[in-house]
Amino acid sequence: MKKLIVANWKCNPLKSQEALKIFKGTIAVASKSKKAETVICPPYVFLKEIIAAAKGTEIKIGAQNCFWEETGAYTGMVSAAMLKNMGCKYAIIGHSEARRFVKETNEEISRKIAAAAKSGLIPILCIGENRGERKENKTYEVLAQQLNEGLLKLSKIDISKIIIAYEPIWAIGTGDYADPIEIKKAKEFILGLLKKMSGAENTGKIRVIYGGSVNAENSELYFSKAEMDGLLVGGASLNPKEFSKIINSASY
Ligand code: PGA
């Protein structure tokens, strides 16, 4: 299976011309790669243009969040169904910045995950411990709670299609180095839990990807040593040259 390299542009850039420039700088390498599938997740406001620019390329587009109801009186929300209809394939859900800045709960995340799956989007569920939880050896406890509660509303079959992004919060945007062996153990823990939740026969296709200060220097390690199925890249995905190197570092 190809590795999944997901660009999370977060609240960047400021203008659509800049967004198109970043996107165009990524096309050449992303389209040629035999080892990686590239997904770009721009802010909602740039989705239409980026989806149009992605036509005829190998790049897939994702949203950075979604709402659980399809339509209705929900001011400011964008539904999973709308995103699917406009051409998104993926949706990042439960990112630590959404948990932090808009206080998303596991219960809300579970509704979003279910709505995404129902509308045909592939959910990318982000989970991870913060620095304090890590110090207190609570990493696995936190991961288990986020998975159990976040996937509560999914059928066994839908769990088998999910992508889990393991993103230790202390490694996001900090430049802090996460040890590939620890990440590998976290992946095994996550897969073990998903196996119990979805039944062993369904787990073959689940991909666990890593995120947190991934750059062109360290990305190769997450494939060779941590054996991850892909990467979720924030800051470095805004630099097409660096992001192209990350795509090229994907190995089986
Ligand atoms: P970062 O962000 O690569 O800038 O650390 C990753 C993420 O938050 O998804």
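Quick note: structure is the one above.
So, here is what we can say about the structure in this document. Everything numeric in this text was worked out from a predicted model, so none of it was measured.

The next thing to look at is the nonpolar core. In this structure, Ile5, Ile61, Leu151 and Tyr210 are the most contacted members of the largest nonpolar core, which totals 67 residues. Those residues in contact with Ile61 that lie beyond four places of it in its chain are Phe23, Val39, Ile40, Pro42, Leu47, Ile50, Ile51, Ala54, Cys88, Lys89 and Tyr90. In this structure, Leu4, Val39, Cys41 and Ile209 belong to the second largest nonpolar core, which totals 12 residues.

One pass over the structure, following the stated rule, counts 5 aromatic pairs. Aromatic pair Tyr140 and Phe189: ring centres 4.4 Å apart, planes at 5°, arrangement stacked. On the criterion of sequence distance, the pair formed by Tyr140 in helix H7 (residues 139-150) and Phe189 in helix H9 (residues 180-198) is long-range, its members being 49 residues apart. Tyr140 sits in the partly exposed class, given a relative accessible area of 35%. A residue is classified by how much of its surface remains accessible, and Phe189, at 24% relative accessible area, is partly exposed.

Below, the discussion takes up the sheet that holds strand E6 (residues 163-166). Reading around the circumference, E1-E2-E3-E4-E5-E6-E7-E8 is the order of the 8 strands in this closed barrel, with parallel pairing throughout. When strand polarity is set aside, the average angle formed by the axes of neighbouring strands in this sheet is 25°. Here strand E4 (residues 90-93) runs beside strand E5 (residues 122-127); their pairing, made up of 4 bridges, is parallel. Residue pairing across strands places Tyr90 opposite Ile122, the latter belonging to E5. Strand contacts of H9: E5, E6 and strand E7 (207-211), with the helix running at about 145° to E6, the strand carrying the most contacts.

Moving on: the pattern of salt bridges. Tallying each qualifying case throughout the model produces 12 salt bridges. When the shortest N-O distance is used, the salt bridge between Glu97 and Lys10 registers 2.9 Å. You can see Glu97 sitting in helix H4 (residues 96-101) and its partner Lys10 sitting in the loop between strand E1 (3-8) and helix H1 (16-32), a full 87 residues away along the chain. Among the salt bridges present, the one from Glu104 reaches Lys112, with a minimum N-O distance of 2.5 Å. Here Glu104 falls in the buried class, since its relative accessible area comes to 8%. Taking relative accessible area as the criterion, Lys112 reaches 7% and is therefore assigned buried.

Moving on to the site of the ligand. Neighbouring the ligand are 13 residues, the closest being Lys10, His95, Glu167, Gly173 and Ser213. Separating an oxygen atom of the ligand from a side-chain N or O atom of Lys10 is a distance of 2.8 Å. Between the ligand and His95, the relevant distance is 2.7 Å, taken from an oxygen atom to a side-chain nitrogen or oxygen of the residue. For the ligand, whose accessible area on its own is 280 Å², the fraction buried by protein is 95%. Tallied by class, residues from the shell around the ligand come to 4 nonpolar, 7 polar and 2 charged.

Look at helix H5 (residues 106-119): 20 Å from first C-alpha to last across 14 residues, which is about the 20 Å you get at 1.5 Å a residue. Burial analysis of H5 places 10 of its 14 residues in the buried class, the great majority of the element. Burial in H5 covers these residues: Asn106, Ile109, Ser110, Lys112, Ile113, Ala114, Ala115, Ala116, Ala117 and Ser119. In this structure, the buried residues of H5 make contact with helix H3 (80-86), E4, H4, E5, H7 and helix H8 (156-159). Count one or two residues on from H5 and you reach Gly120, which has phi positive near 95°.

Secondary-structure assignment places Cys88 in the loop between H3 and E4. Cys88 sits in the buried class, given a relative accessible area of 2%. For the pair formed by Cys88 and Leu121, sequence separation is 33 residues and the distance between their alpha carbons is 7.1 Å. Discounting residues that sit within four places of it in the chain, Cys88 has contacts with Leu47, Ile51, Ile61, Gly62, Ala63, Leu83 and Leu121.

What counts and what doesn't
Residues numbered from 1 in each chain as written. Predicted model: local features only at pLDDT ≥ 70, side-chain atom pairs only at ≥ 80, totals over all residues. Heavy atoms only, no water. Core = buried A, V, L, I, M, F, W, Y, C linked by side-chain atoms within 4.5 Å. Buried < 20%, exposed > 50% of the residue type's maximum accessible area, 1.4 Å probe, protein only. Contact = heavy atoms within 4.5 Å. Phe/Tyr/Trp six-rings, centres within 6.5 Å; stacked < 30°, edge-to-face > 60°. Helix = DSSP H or I, 4+ residues; strand = E, 2+ residues; numbered from the N terminus. Pairing = 2+ DSSP bridges. Axes fitted to C-alpha atoms, helices over the stretch in contact; angles between N-to-C directions. Salt bridge = Lys/Arg side-chain N within 4 Å of Asp/Glu carboxyl O. Near = heavy atom within 4 Å. Polar contact = N/O pair within 3.5 Å; in protein donor to acceptor, adjacent residues only side chain to side chain. Areas by Shrake-Rupley, 256 points an atom, 1.4 Å probe, with all protein chains shown as cover. Nonpolar A, V, L, I, M, F, W, Y, C, P; charged D, E, K, R; others polar. Expected span 1.5 Å × (residues − 1).

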